[in-house]
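What follows is each chain in one-letter form.
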Amino acid sequence: MTDAPLDAIEAARRPRIAIEAVSPTVDGGRFPVKTVIGRGIVVEADVFADGHEVLRAEVVWRPRGASDWRRAEMAELPNDRWRAAFTPDAIGRHEFAVEAWWDDFGTFRRDLTKKREAGLDVALETDEGLILLEEIASTAPQQAAKALADIILATRALGVSDRVAALLSPETHAAVEAAGHRAFLTRSAAYGLEVDRVQAAFASWYELFPRSESGDPTRHGTFRDVIRRLPQIRDMGFDVLYFPPIHPIGKTNRKGPNNTLTPGPSDVGSPYAIGSPDGGHDALHPELGSLEDFRALVAAAADSGLEIALDFAIQCSPDHPWLKDHPGWFKWRPDGSMKYAENPPKKYQDIVNVDFYGPDAVPGLWAALRDVVLFWASEGVKTFRVDNPHTKAFPFWEWMIEEVKREHPDAIFLSEAFTRPKVMYRLAKLGYSQSYTYFTWRNHKAEIADYLTELTTTAPKDFFRPHFFVNTPDINPYFLQTSGRAGFLIRAALATTLSGLWGMYNGFEICESAPLPGKEEYLDSEKYEIRIRNWAQAGNIIPEITRLNRIRKENPALHSHLGVRFYNCFDDHVIYYGKPRFAEDGSGRIEDMVLVFVNLDPFTVKDAPYEVPLWEFGLPDQGTIAVEDLMRGNRFTLTGKQHRIHLNPNELPFHVWRLTNLSGGA
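Please read these numbers as outputs of a predicted model, since none were measured by experiment. (Residues numbered from 1 in each chain as written. Predicted model: local features only at pLDDT ≥ 70, side-chain atom pairs only at ≥ 80, totals over all residues. Heavy atoms only, no water.)

**With respect to the packing of aromatic side chains**
Right, on to step 1. Summed over the entire model, instances satisfying the criterion amount to 42 aromatic pairs.
Right, on to step 2. Relative to Phe 468, the ring of Phe 439 lies with its centre 4.3 Å away and its plane at 0 degrees, an arrangement referred to as stacked. Here the residue Phe 439 occupies a position in the loop between β18 (434-436) and α13 (445-457), and Phe 468 occupies one in strand β19 (residues 466-469), the gap between them amounting to 29 residues.
Right, on to step 3. For Phe 468, a relative accessible area of 0% puts it in the buried group.
Right, on to step 4. Measuring from centroid to centroid gives 5.4 Å for Tyr 576 and Tyr 610, while their planes differ by 75 degrees, and the two rings are edge-to-face. (Phe/Tyr/Trp six-rings, centres within 6.5 Å; stacked < 30°, edge-to-face > 60°. Helix = DSSP H or I, 4+ residues; strand = E, 2+ residues; numbered from the N terminus. Buried < 20%, exposed > 50% of the residue type's maximum accessible area, 1.4 Å probe, protein only.)

Set out below in structure tokens:
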């Protein structure tokens, strides 16, 4: 089957100007690009047409639902590439596009100037110019048309040289601009842009189990107990306090200490076994306190500069009310028994999974899960860490996140998907604001640099925000099990300076690492029991974490993973990178740079040669740069490119410097 032939009239209606290779886009516009409020977006496109006429182009953008476009003029680059930048000033979904047109009067001005400079007779050209102005005036708004008419009338009475001067004058150019004449105007497809609040790209997370905050191993902690802990968390420099599920915990097949199947009557069980006669995902575990207690915690956290993040875990204890009220939302075995969750050979006897395409799931289950999130958002929680989203339906996430963000555009969703790269990236495209990453298992110089290069220079840079958690209740990394205090400092330095988003599960600050033998899991895991800790114990790294969080807040270059540059340090165990801060005038000049050295070997002192990146500041190889050591507080200068760095893991296995050009910048 062939398409019907085009007639000439239809063909002539097709765009005469080509707009191609628009960037940034995600999958050709299928998904929105991500940014945060106040951060500029640089848009580029190939724009060209037949012939040699002068072209103009703009990037246009607007919030979703707005009728008027805002505009920014695009500048022409080599090889028909065009560029402009704009800065969204509201959160929520936006759209942008590229417009281009023939600049008829611009072409006339260019050609008239060339002919005059060549000494040609341009009398006829001035007549053509006046005719063109008449054409432009015929479609112009009334005020612009009148201004052009006055110019035309005055210019006709002049001699040729004065006509040329009038046609090339700034006044005539301004009048034409006001007329808005745009021949062969062409607009690209509109591309989505999701503008989040700053915390979607820059935040420091601290995770704890509220039930462990009583200070007494025989007493279940409460939300009121957490309130007493807030100043300590705030003073370490964290701004997000994240809880695992805080909902009622089922008793059927409840897990005992270390994930045993033989709990005692006082064992608290896993908070991921959600649901009991006390309620489900929109209820609170009674021993944690009431809804009023939770509201008091949310308010107290806000007063301390902290926001609460909740775990959204879509799984149910066998005791969850939904199993009785909505059996069609679950899978059942042929003998009528419930189908427990499993990841063969692992079994999770205390939970069952919902069936997103069960007989009654659409729309009932989907709406119920959305309403759970909306309920907690109405209680002041706008940040959600989602458990294992890669095991749930992709279409559900795209629909649910969009639904929530229409009502709460400031909502943030963190994807806890330790899975295949393409699956992780798809979840980010579908709407997740942040994503767990492979950072947890990247310990060597080359693999860290390669991973960051992928995240910052390939397609994910436009939609994937990596969240560098150094540990989780589920993951006690092998590196931390054996590296001692130095290893915890190494991982903290990497996470806080490589990504705008980092997080830690409590216990990290006291270098807690006792494992279940042979596994990346904690011995006596807090997932199954109450854990009381001594935060002041010897060897803790609280001062170092506090200092790193302060450095992050004080240096805008550290507010994103984007922009990292790896430099030469001639030791395979020392990773060395910088993050520049550019001048706001668009000149490309570097105002300053955060420079980081990390000794990845927690047991060996390193004394390694490295190159100072003087060239980044436009300095010669023997230039001098000012350095402030942000961890130790001292200042000095470096002259020349070749130097050595000393890193002692028994003291501090990393350096964080700020470099400033003594001459005022490149």
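Once the structure has been displayed, the description carries forward.
**What to know about helix α8 (residues 291-303)**
Right, on to step 1. The end-to-end C-alpha distance of α8, which contains 13 residues, comes to 18 Å, matching closely the 18 Å that a straight helix rising 1.5 Å per residue would cover.
Right, on to step 2. Along α8, the residues that are buried comprise Asp 293, Phe 294, Leu 297, Val 298, Ala 300 and Ala 301. Projected down its long axis, α8 carries its buried residues within an arc of 165 degrees, all on one side. Turned more than 90 degrees away from the buried face of α8, the exposed residues are Ala 302 and Asp 303.
Right, on to step 3. Tucked into the core, α8 has its buried residues touching α7 (223-235), β12 (240-243), β13 (307-312) and α10 (361-378). (Expected span 1.5 Å × (residues − 1). Arc of directions from axis to C-beta. Contact = heavy atoms within 4.5 Å.)

**Quick look at the sheet that holds β18**
Right, on to step 1. Strand order in this closed barrel of eight strands is β11-β12-β13-β16-β17-β18-β19-β20, and the pairing throughout is parallel. Put simply, the sheet's adjacent strands are angled 25 degrees from each other on average, direction ignored.
Right, on to step 2. When strand β11 (residues 203-207) meets β12, the two strands line up parallel, connected through three bridges. Within the sheet, the bridge partner assigned to Tyr 206 lies in β12 and is Leu 241.
Right, on to step 3. Docked against the sheet, α7 engages β11 and β12, running at close to 140 degrees with respect to β12.
Right, on to step 4. Running over the sheet, α10 touches β13, β16 (383-387) and β17 (412-416) and is turned about 165 degrees from β13. (Pairing = 2+ DSSP bridges. Axes fitted to C-alpha atoms, helices over the stretch in contact; angles between N-to-C directions.)

**Some points on the layout of surface pockets**
To locate leftover empty space, one rolls a probe as large as a water molecule over the atoms.
Right, on to step 1. Roughly 1800 Å³ of internal volume is contained in the largest pocket.
Right, on to step 2. Considering the residues around the largest pocket, the lining is formed by 47 residues, among which Arg 39, Gly 40, Val 42, Leu 562 and Phe 582 are closest to the centre.
Right, on to step 3. Sorting the residues of the lining of the largest pocket by element identifies β2 (33-36), β3 (41-49), α13, β21 (565-566) and β22 (574-582) as the ones contributing at least two each.
Right, on to step 4. Per element, the largest residue contribution to the lining of the largest pocket is four residues, and it comes from β2.
Right, on to step 5. Taken as a whole, the second largest pocket encloses approximately 1400 Å³ of empty space.
Right, on to step 6. Together, 44 residues line the second largest pocket, and Asn 343, Lys 346, Tyr 348, Ile 351 and Asn 388 are the ones closest to its centre.
Right, on to step 7. Sorting the residues of the lining of the second largest pocket by element identifies β14 (340-343) and β15 (346-352) as the ones contributing at least two each.
Right, on to step 8. Top element by residues in the lining of the second largest pocket is β15. It accounts for six residues. (1 Å grid on protein atoms, 1.4 Å probe; cavity = no way out; pocket = protein on both sides within 12 Å on 5 of 7 lines; lining within 4 Å. Points joined across faces, edges and corners; volume = space filled by probe spheres on them.)

**Quick word on empty space enclosed by the protein**
Right, on to step 1. All told, the structure shown has four cavities of 30 Å³ or more when counted by the stated rule.
Right, on to step 2. As for the largest cavity, its lining consists of Phe 209, Pro 210, Arg 211, His 220, Pro 244, Pro 245, Ile 246, His 247, Ile 249, Pro 271, His 285 and Leu 288.
Right, on to step 3. The residue inventory of the lining of the largest cavity, partitioned by class, reads eight nonpolar, three polar and one charged.
Right, on to step 4. Each pocket or cavity is described by its volume, and for the second largest cavity that value is around 60 Å³.
Right, on to step 5. In terms of lining, the second largest cavity is formed by Asn 258, Asn 259, Pro 473, Asp 474, Leu 516, Glu 521, Tyr 522, Ser 525, Lys 527 and Tyr 528.
Right, on to step 6. Across the lining of the second largest cavity, the residue classes tally to four nonpolar, three polar and three charged. (Nonpolar A, V, L, I, M, F, W, Y, C, P; charged D, E, K, R; others polar.)

**Some points on the pattern of salt bridges**
Right, on to step 1. Tallied over the full model, the rule gives 58 salt bridges.
Right, on to step 2. As a salt-bridge pair, Arg 93 and Glu 194 come within 2.6 Å of each other at their nearest N and O atoms. Of this pair, Arg 93 sits in strand β8 (residues 92-102) while Glu 194 sits in strand β10 (residues 191-196); the two residues are 101 residues apart in sequence, bridging distant segments of the chain.
Right, on to step 3. For Arg 93, a relative accessible area of 25% gives the class partly exposed.
Right, on to step 4. Residue Asp 225 is joined to Arg 228 by a salt bridge in which the shortest nitrogen-to-oxygen separation is 2.1 Å. Pair noted here: Asp 225 and Arg 228 are both in helix α7, with a separation of three residues, about one helical turn.
Right, on to step 5. In the salt-bridge network here, residues are joined through shared partners; they are Arg 64, Arg 93, Glu 194, Asp 196, Glu 402, Lys 405, Arg 406 and Arg 465. (Salt bridge = Lys/Arg side-chain N within 4 Å of Asp/Glu carboxyl O.)

**So, the UniProt feature "active site" (unreviewed entry) in the protein chain**
Right, on to step 1. Within this structure's numbering, the places UniProt gives as "active site" (unreviewed entry) are Asp 387 and Glu 416. Their sequence span is 30 residues, while the largest C-alpha to C-alpha distance among them is just 5.4 Å; these annotated residues converge on one region. Lining the second largest pocket, from the residues just named, are Asp 387 and Glu 416.
Right, on to step 2. By the secondary structure assignment, Asp 387 is in strand β16.
Right, on to step 3. The residues contacting Asp 387, other than those within four sequence positions of it, are Tyr 272, Asp 311, Phe 312, Ala 313, Gln 315, Lys 392 and Glu 416.
Right, on to step 4. When neighbours within four sequence positions are excluded, Glu 416 is seen to be in contact with Arg 385, Val 386, Asp 387, Asn 388, Pro 389, His 390, Tyr 436 and Asp 474.
Right, on to step 5. At 3.4 Å, the side chain of Glu 416 forms a polar contact with the side chain of Arg 385. (UniProt positions renumbered as here; feature names shortened; annotations may be inferred. Polar contact = N/O pair within 3.5 Å; in protein donor to acceptor, adjacent residues only side chain to side chain.)

**Here's the deal with the packing of helix α14 (residues 478-498) against helix α15 (residues 542-554)**
Right, on to step 1. Axis separation between α14 and α15 bottoms out at 10 Å; the angle between their running directions is 10 degrees. Here α14 is positioned roughly parallel relative to α15, judged by the angle of their axes. Listed contacts from α15 to Arg 485, Leu 489, Ala 492, Ala 493, Ala 495 and Thr 496 of α14 are Glu 544, Leu 548 and Arg 552. (Parallel < 35°, antiparallel > 145°, perpendicular 65-115°, else oblique.)

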